Amino acid sequence: MQKAKESPFLSERGIIENGFSERLEEYKSGSTTSPLLMLGDALGVLKELPDSSIDCVVTSPPYWGKREYENGGIGLESDYRDFVKDLCAIFLELKRVLKDDGSFWLNIGDSYKAKKLLGIPWRVAFELTDNQGWILRNSVIWNKVKSGMDNTKDRLGNVHENVFHFVKKISTTMTPTR
């Protein structure tokens, strides 16, 4: 059995780590159906991409205050409001690179501070719709049948996350599903 020929612009792992704009143009002119994976700081990568060049984005960014990463990063802000602001800065740049008929899917979970649920998913959604002009098309509840361990004894465990579907413009060609 022959090994499939590797694309000339992808690393051995199938991930690009630099030259994002040029590599995107090479990818678009090729015939591969494999996804193009870009590794880097999200805001930095997006800033390198041309306007209206992406059809669909599906993302699940780190949740606020949940993990510590070796090199820092989003989700480690001391205040959840800064986290929302930092995420939304990325999503504004994403809006620039998304095609007018593109889709943006955001999976985001919530966090607690001082035993209070913060409502971060909806804070992000409202920021995107109220201040960035995104159109929220759907809010999907992901029922996490096998959610992570929750050792709290003074509230219910979190068994769902929000998945939001945003678009830049209402398309007349969208086909409704049931």
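These numbers were taken from a predicted model, which means no experiment stands behind them.

Engineer: An account of the environment of G119 is requested, with residue identities and associated values reported.
Structural biologist: Inspection of the secondary structure puts G119 in the loop between β6 (116-117) and α4 (120-131). Taking the C-alpha atoms as reference points, G119 and G109, separated by 10 residues in sequence, lie 8.9 Å from one another.

Engineer: If you had to explain the packing of aromatic side chains to someone new, which residues and values would you point to?
Structural biologist: What the rule picks out here adds up to eight aromatic pairs. On the numbers, 5.5 Å between centres and 25° between planes, the contact of F104 with F166 is stacked. A residue pair is termed long-range when its members are at least 10 positions apart, and F104 in strand β4 (residues 98-108) and F166 in strand β8 (residues 160-167) qualify at 62 residues. Accessibility classification places F104 together with F166 in one group, the buried group. When the centroid spacing of 6.1 Å and the interplanar angle of 65° are considered together, the rings of W134 and F166 count as edge-to-face. In this pair, W134 sits in the loop between α4 and β7 (135-143) while F166 sits in strand β8, placing the two residues 32 residues apart along the sequence. Here the two residues W134 and F166 agree in accessibility, since each one is buried. Here K95 stacks its cationic end above the ring of W134, 5.8 Å away from the centre of that ring.

Engineer: Break down the side chain of E77 for me, citing the residues and quoting the values.
Structural biologist: Its place among the elements puts E77 in the loop between β3 (54-59) and α3 (80-97). From its side chain, E77 meets the backbone nitrogen of G75 in a polar contact 2.9 Å long. Setting aside anything within four residues of it in sequence, one finds E77 in contact with W64, D82, F83 and D86.

Engineer: How would you explain the pairing of β3 if you had to name every residue and give the values?
Structural biologist: Here five bridges tie β3 to β4, and the two strands are oriented parallel to one another. Of the residues in β4, the one forming a bridge with C56 is S103. Once the chain exits β3 it traverses α3 before rejoining the sheet at β4, and the crossover so formed is right-handed.

Engineer: Tell me about the sheet that holds β7, and name the residues and values.
Structural biologist: The sheet built from four strands is open, its strands ordered β3-β4-β8-β7 with mixed pairing. A single partner strand is all that each edge strand has here, and the edge strands are β3 and β7. Averaged over all adjacent pairs, the angle separating strand axes in this sheet is 10°, with direction ignored. Judged from the five bridges that link them, β4 and β8 form a sheet pairing that is antiparallel. If you follow L106 over to β8, its bridge partner there is F164. Along the sheet face, α3 touches β3 and β4 and points at about 155° away from the line of β4. Lying over the sheet, α4 contacts β4, β7 and β8, oriented at roughly 10° with respect to β8.

Engineer: Please provide a residue-by-residue account of the side chain of S53, values included.
Structural biologist: Here S53 lies in the loop between α2 (42-48) and β3. Residue classification places S53 among the buried residues on the basis of a relative accessible area of 5%. When residues no more than four places from it in sequence are discounted, the contact partners of S53 are L24, K28, V97 and K99.

Engineer: Residue-level account of the pattern of salt bridges, with values.
Structural biologist: All chains considered together, the criterion is met by nine salt bridges. The partner of K169 in a salt bridge is D100, with the nearest N and O atoms 3.4 Å apart. Of this pair, K169 sits in the segment after β8 while D100 sits in strand β4, placing them 69 residues apart in sequence. Relative accessible area serves as the criterion here: at 45%, K169 is assigned to the partly exposed category. Between K115 and D154 there is a salt bridge, and its shortest N-O distance comes to 2.5 Å. A residue pair is termed long-range when its members are at least 10 positions apart, and K115 in the loop between β5 (112-113) and β6 and D154 in the loop between β7 and β8 qualify at 39 residues. Residue classification places K115 among the exposed positions, given a relative accessible area of 66%. Each of D51, E93 and R96 takes part in a single network of salt bridges with overlapping partners.

Here is what the cut-offs are and how they apply
- Residues numbered from 1 in each chain as written.
- Predicted model: local features only at pLDDT ≥ 70, side-chain atom pairs only at ≥ 80, totals over all residues.
- Heavy atoms only, no water.
- Helix = DSSP H or I, 4+ residues; strand = E, 2+ residues; numbered from the N terminus.
- Phe/Tyr/Trp six-rings, centres within 6.5 Å; stacked < 30°, edge-to-face > 60°.
- Buried < 20%, exposed > 50% of the residue type's maximum accessible area, 1.4 Å probe, protein only.
- Lys NZ or Arg CZ within 6 Å of the ring centre and 35° of its normal.
- Polar contact = N/O pair within 3.5 Å; in protein donor to acceptor, adjacent residues only side chain to side chain.
- Contact = heavy atoms within 4.5 Å.
- Pairing = 2+ DSSP bridges.
- Right-handed = clockwise from strand over helix to strand, strands pointing away.
- Axes fitted to C-alpha atoms, helices over the stretch in contact; angles between N-to-C directions.
- Salt bridge = Lys/Arg side-chain N within 4 Å of Asp/Glu carboxyl O.

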